[in-house]
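So you can see what is in the structure, the chains are spelled out below.
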Amino acid sequence: MDSWIEEQLQMLSSVKDKDELIDGLFKSAKLLGFDYFAYGLQVSVPVTAPKVELINNYPDQWKELYHKNQYVNIDPTVQHGIQTTRPAIWSESLFSESRPLWEDANAHGLRYGWVQSTYGQKGVSGLLTLARSEDPLSNSELIKKTPLLVWFTQLAHLGLQDVFLSEMMPQAEITLTNRESEVIRWTADGKTSYEISVIVGIGERTVNFHLNNVMKKLNVTNKTAAAVQAVLLGLI
């Protein structure tokens, strides 16, 4: 196990571009005994329409069918990933309320799978799916490979976040001064500018000056939106 982890860490640290990283992840999935690798990376901003980057080597016909039938809305693996970071194994019981999805996936060679979500800093989340056409996942295989699969989930998340985050969420590069962090933190607690000025010991105009700077940095038009984004981005 240690040698496998070391190899994957070396791969992630040495890749030069997005395509090289994705190719490396596909190969790692193969080494773990899976034909297919899929990863969905989602950022938290904007709140009403979070951006998602999807990467996979599924058959083209399956990708088209999944999109056409909007299976993402009934996919139990997606719902599982939203609710918990515990891994899940594909099974008929898991897909009991999504029979058409289950049957279509099987028909396209996606019969046995493993899924786990990850939640990282700055409101970035991910969902890893590994699947194959043959050989159910046995208890002995799971006992042996679960530590590797958990590690692989984290490695994939870190690598893909490094590649895509600045493009998907430029706000992730923003930093706040200590005073800006202080006033937006109190704002997130519902304090007015006057109340913050009393708590912090500065003038109300100075509080508003710092709040305006935060709003400009986050490209929002009011302090409520600024407070929400600051929390989601881990700035406070």
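Scope of this entry: the structure provided in the associated data block. Values in this document were obtained by computation on a predicted structure and should not be read as measured data. (Residues numbered from 1 in each chain as written. Predicted model: local features only at pLDDT ≥ 70, side-chain atom pairs only at ≥ 80, totals over all residues. Heavy atoms only, no water.)

A word on the packing of aromatic side chains
One pass over the full model with this rule turns up eight aromatic pairs. Measuring from centroid to centroid gives 6.0 Å for tyrosine 66 and tyrosine 71, while their planes differ by 70°, and the two rings are edge-to-face. Its relative accessible area of 22% is what places tyrosine 66 among the partly exposed residues. Here a set of aromatic residues connected by ring pairs shows up, and it is made of Phe26, Phe37 and Phe152. The ring of phenylalanine 34 is capped by arginine 132, whose NZ or CZ atom sits 5.2 Å from the centre of that ring. (Phe/Tyr/Trp six-rings, centres within 6.5 Å; stacked < 30°, edge-to-face > 60°. Buried < 20%, exposed > 50% of the residue type's maximum accessible area, 1.4 Å probe, protein only. Lys NZ or Arg CZ within 6 Å of the ring centre and 35° of its normal.)

Section: the pairing of strand β5 (residues 125–132)
By the criterion of burial, β5 is predominantly enclosed, with eight of the eight residues buried. Judged by which residues are buried, β5 turns out to be covered on both faces: Ser125, Leu127, Thr129 and Ala131 on one side and Gly126, Leu128, Leu130 and Arg132 on the other are all buried. Pairing analysis gives seven bridges linking strand β1 (residues 36–42) to β5, with the strands arranged antiparallel. Note that in β5 the partner of phenylalanine 37 across the bridge is leucine 130. Where strand β4 (residues 112–119) and β5 come together, eight bridges link them in antiparallel fashion. Residue tryptophan 114 lies in a different strand from β5, and its bridge partner there is leucine 130. In sequence, β4 turns back onto β5 through a hairpin of five residues, with lysine 122 there showing a positive phi of about 60°. (Helix = DSSP H or I, 4+ residues; strand = E, 2+ residues; numbered from the N terminus. Pairing = 2+ DSSP bridges.)

Examining the nonpolar core
Phe37, Leu130 and Leu160 are the most contacted members of the largest nonpolar core, which totals 50 residues. When residues in this core are grouped by element, the largest group, 10 residues, is from helix α6 (residues 139–168). In contact with leucine 160, other than residues within four places in its own chain, are Leu21, Ile22, Leu25, Tyr39, Leu41, Ile55 and Leu165. Formed by 12 residues, the second largest nonpolar core is a distinct cluster that contains Tyr71, Trp90, Phe95 and Ala131. (Core = buried A, V, L, I, M, F, W, Y, C linked by side-chain atoms within 4.5 Å. Contact = heavy atoms within 4.5 Å.)

Some points on the side chain of serine 125
Along the chain, serine 125 turns up in strand β5. When sequence neighbours within four positions are dropped, the list of residues in contact with serine 125 reads Gly40, Leu41, Gln42, Thr118, Tyr119 and His157.

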